[in-house]
Amino acid sequence: MENLGLISSAYMQTTEKNKTSLGHLRVLDLTRILAGPWCTQNLADLGAEVIKVERPDGGDDTRSWGPPYLRDANGNNTTEAAYYLTANRGKQAITVDIATPEGQQIIRDLVQRSDVLLENYKVGQLKKYGLDFDSLKQIKPDLIYCSITGFGQTGPYAQRAGYDFIIQGMGGFMSLTGESDDLPGGGPQKAGVAICDLMTGMYATVAVLAALTHRDRTGEGQYIDMSLLDVQVAMLANMGSNYLTSHTVPKRWGNAHANIVPYQTFATSDGHIIVAAGNDSQYKKFVSIGNHPALADDERFCTNPLRVQNRQILIPLLADMVRQKSKAEWIAQLEAEGVPCGPINNLEEVFDDPQVNARNMTITLPHASAGQVTLVSNPIKLSATPVQQKLPPPLLGEHTDPILKDLLGYSEEQIVTLKTKKIVSKK
């Protein structure tokens, strides 16, 4: 286990690198929490060698964002929170105190041997350490340097701290999400996962790959300025376009649809389902399966425009109808008739789903303190260069010694001195 993450490990040998999309790249990851680590985990899964740099006194904040924590073979909690495990697969870990001259030199030494650097410090914070893009491009002209912040490097909000929840509100997402104000429980609602962080990580991945393509053609590095607020505004997609076209502020529809009825969730006798009847034929089949065919012939409901107009009358009738059968009965019968539908699964049901399992959406990796760890797999399916998910999320500073010694060529005496001065942490 002690050799699992060494830079000289088998998966990083030349023959293995050639089997991956990004096996020729090294990424220096100075990010923490979610948006940045999500990007660098994508790059690691695609074959890049990713070195995660953390502060010696605790590392990435998400290491302690539990419970739950990963458990060892005896059922005892380790120091690794499940949140941290989410976004740090495939990386090697080194601890460095970048507030010290010696720590800053370690980063510069790593930059000279890297292709990409990602960071999510406050605007201007790394400049005082000489680790900003303008400083580092002097020693690595073709460096791709990506900064991720809440509001970007420019504008009146640039110095503000940005958190996913706040950005979901500021960026309009929560004005579109949640039940209508006139219904019980109505009001703005955030997403169940940090969608803005995750999408920023995805956009950052695309930006890094685009910058690398440009570098490979021209030899020129560049700076990438990623903002959570920018991403959230971009994610408004058709709703943003609708507003810019009509200048009408949209309302929340909860699990319903503004233009199609029925296109929403319904409670069954033992759970919930989604019914998405996109045309009159599907609607007719739906109510026929529910033993209420008269609802298809009713002049108030026989076409979609009429159903939209009279939704306040129709939906309670459909809700009573759907409650008469179980979730499984509805899904089976609707699918048999070609009516678009689906269950609302809890996570136990998700990870038991035969389609999810057939697509190999979980992986189990060896882990230094827990023996093994089960993670959600990368969804990218590449035929020639499949994703490589071989290294588990690293322990804090797990690879500090081999990175300093084997990659940077530091002597044992130098490493001992760095540990004594607490510039890097002792294992």
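In this report, the structure presented in the accompanying data block is examined. Here the structure is a predicted model, which means the values were calculated and not measured.

## Quick look at the overall build of the protein chain
From N to C terminus, the protein chain includes 19 helices and 13 strands. Structurally, the protein chain occupies a C-alpha span of about 85 × 50 × 40 Å along its principal axes. Scored against the burial criterion, the 427 residues of the protein chain give a buried share of 47%. Sequence-distant contacts in the protein chain: of pairs separated by 6 or more residues, those separated by 24 or more amount to 68%. Accessible surface, the protein chain: about 21100 Å² in total, of which carbon and sulfur atoms supply 53%. For the protein chain, the separation between the mean place of its 40 positive charges and that of its 46 negative charges on side chains is 3 Å.

## Section: the sheet that holds strand E1 (residues 26-30)
Across the sheet, six strands lie side by side as E5-E2-E1-E6-E7-E8; this open sheet has parallel pairing. A strand with exactly one partner marks an edge of an open sheet, and here the two such strands are strand E5 (91-95) and strand E8 (222-227). Direction aside, the axes of adjacent strands within the sheet are offset by 20 degrees on average. As paired elements, strand E7 (residues 144-149) and E8 share six bridges and run parallel to each other. Bridge assignment links Cys 146 to a residue of E8, and that residue is Ile 224. Sheet strands in contact with helix H2 (residues 35-45) are E1, strand E2 (49-54), E5, strand E6 (116-119) and E7, and its direction is about 165 degrees off that of E1. Contacts from helix H18 (residues 400-407) reach E1, E2 and E5, with the element oriented near 90 degrees to E5.

## Brief notes about the sheet that holds strand E11 (residues 341-343)
Taken in spatial order, the three strands of this open sheet run E9-E10-E11, and their pairing is antiparallel. Two strands bound the open sheet, and with one partner strand each, they are strand E9 (263-267) and E11. For this sheet, the mean angle separating the axes of adjacent strands, direction not counted, is 20 degrees. Note that strand E10 (residues 272-276) and E11 share three bridges and pair antiparallel. Pairing of Ile 274 across the sheet is with Gly 342, part of E11. Sheet strands in contact with helix H14 (residues 311-322) are E9 and E10, and its direction is about 45 degrees off that of E9.

## Regarding the pattern of salt bridges
Enumeration according to the criterion identifies 20 salt bridges in this entry. Note that Asp 216 is salt-bridged to Arg 215, the shortest N-O span being 2.9 Å. As a salt-bridge pair, Lys 419 and Asp 401 come within 2.9 Å of each other at their nearest N and O atoms. Within this pair, whereas Lys 419 is found in helix H19 (residues 412-420), its partner Asp 401 is found in helix H18, the two being separated by 18 residues in sequence. Overall, the relative accessible area of 26% leaves Asp 401 in the partly exposed class. Each of Glu 54, Arg 63 and Glu 80 takes part in salt bridges that share partners, so that together they form one network.

## Regarding the packing of helix H11 (residues 280-289) against H14
For the pair H11 and H14, the least separation of the axes is 10 Å and the interaxial angle reads 45 degrees. As summarised for this structure, H11 and H14 are arranged oblique, according to the angle between their axes. Residues Tyr 283, Phe 286 and Val 287 of H11 form the contact with H14, whose participating residues are Leu 314, Leu 318, Met 321 and Val 322. Considered class by class, the residues forming the contact of H11 with H14 number seven nonpolar, no polar and no charged.

## Describing the packing of aromatic side chains
Evaluation of the coordinates by the stated rule reveals seven aromatic pairs. Judged by centre distance (5.1 Å) and plane angle (80 degrees), the rings of Trp 65 and Tyr 83 are edge-to-face. Taken as a pair, Trp 65 in the loop between E2 and strand E3 (69-71) and Tyr 83 in helix H3 (residues 82-85) lie far apart in primary sequence, 18 residues in all. For Trp 65, a relative accessible area of 41% translates into the label partly exposed. The exposure class of Tyr 83 is partly exposed, given its relative accessible area of 30%. With a centroid separation of 5.6 Å and 35 degrees between ring planes, the pair formed by Phe 133 and Tyr 223 is classed as tilted. Linking Phe 133 in helix H5 (residues 133-136) with Tyr 223 in strand E8, this pair joins segments that are 90 residues apart in sequence.

## A closer look at the side chain of Thr 265
By the element assignment, Thr 265 lies in strand E9. At 3.4 Å, the side chain of Thr 265 forms a polar contact with the side chain of Asn 255. Thr 265 has contacts with Asn 255, Ile 273, Ile 274 and Ile 344, leaving out every residue within four places of it along the chain.

## A look at the pairing of strand E13 (residues 371-376)
Note that strand E12 (residues 362-367) and E13 share six bridges and pair antiparallel. Each residue of the ladder has a partner; that of His 367, found in E13, is Gly 371. Hairpin connection from E12 to E13: three residues lie between these consecutive antiparallel strands.

## Describing the nonpolar core
Counting 29 residues, the largest nonpolar core has Leu 28, Ile 106 and Leu 404 as its most contacted members. For this core, the elements supplying multiple residues, two or more each, are E1, E2, helix H4 (101-112), H5, H18 and H19. Those residues in contact with Leu 404, other than ones at most four positions away along the chain, are Ile 94, Ile 106, Gly 409, Tyr 410, Ile 415, Leu 418 and Val 424. In this structure, Leu 46, Ile 144, Ile 148 and Val 231 belong to the second largest nonpolar core, which totals 28 residues.

## Quick word on unusual backbone geometry
That bond from Pro 67 to Pro 68 is cis: its omega, 5 degrees, falls within 30 degrees of zero. Between Val 261 and Pro 262 the backbone carries a cis peptide bond, its omega angle lying at -5 degrees. Note on placement: Pro 262 falls in the loop between helix H10 (237-246) and E9. Backbone geometry places His 247, a non-glycine residue, at a positive phi of 60 degrees. In this structure, His 247 sits in the loop between H10 and E9. With relative accessibility at 57%, the residue His 247 sits in the exposed group.

Parameters and conventions
Residues numbered from 1 in each chain as written. Predicted model: local features only at pLDDT ≥ 70, side-chain atom pairs only at ≥ 80, totals over all residues. Heavy atoms only, no water. Helix = DSSP H or I, 4+ residues; strand = E, 2+ residues; numbered from the N terminus. Buried < 20%, exposed > 50% of the residue type's maximum accessible area, 1.4 Å probe, protein only. Contact = heavy atoms within 4.5 Å. Areas by Shrake-Rupley, 256 points an atom, 1.4 Å probe, with all protein chains shown as cover. Lys, Arg positive; Asp, Glu negative; His and termini not counted. Charge placed at Lys NZ, Arg CZ, Asp CG, Glu CD. Pairing = 2+ DSSP bridges. Axes fitted to C-alpha atoms, helices over the stretch in contact; angles between N-to-C directions. Salt bridge = Lys/Arg side-chain N within 4 Å of Asp/Glu carboxyl O. Parallel < 35°, antiparallel > 145°, perpendicular 65-115°, else oblique. Nonpolar A, V, L, I, M, F, W, Y, C, P; charged D, E, K, R; others polar. Phe/Tyr/Trp six-rings, centres within 6.5 Å; stacked < 30°, edge-to-face > 60°. Polar contact = N/O pair within 3.5 Å; in protein donor to acceptor, adjacent residues only side chain to side chain. Core = buried A, V, L, I, M, F, W, Y, C linked by side-chain atoms within 4.5 Å.

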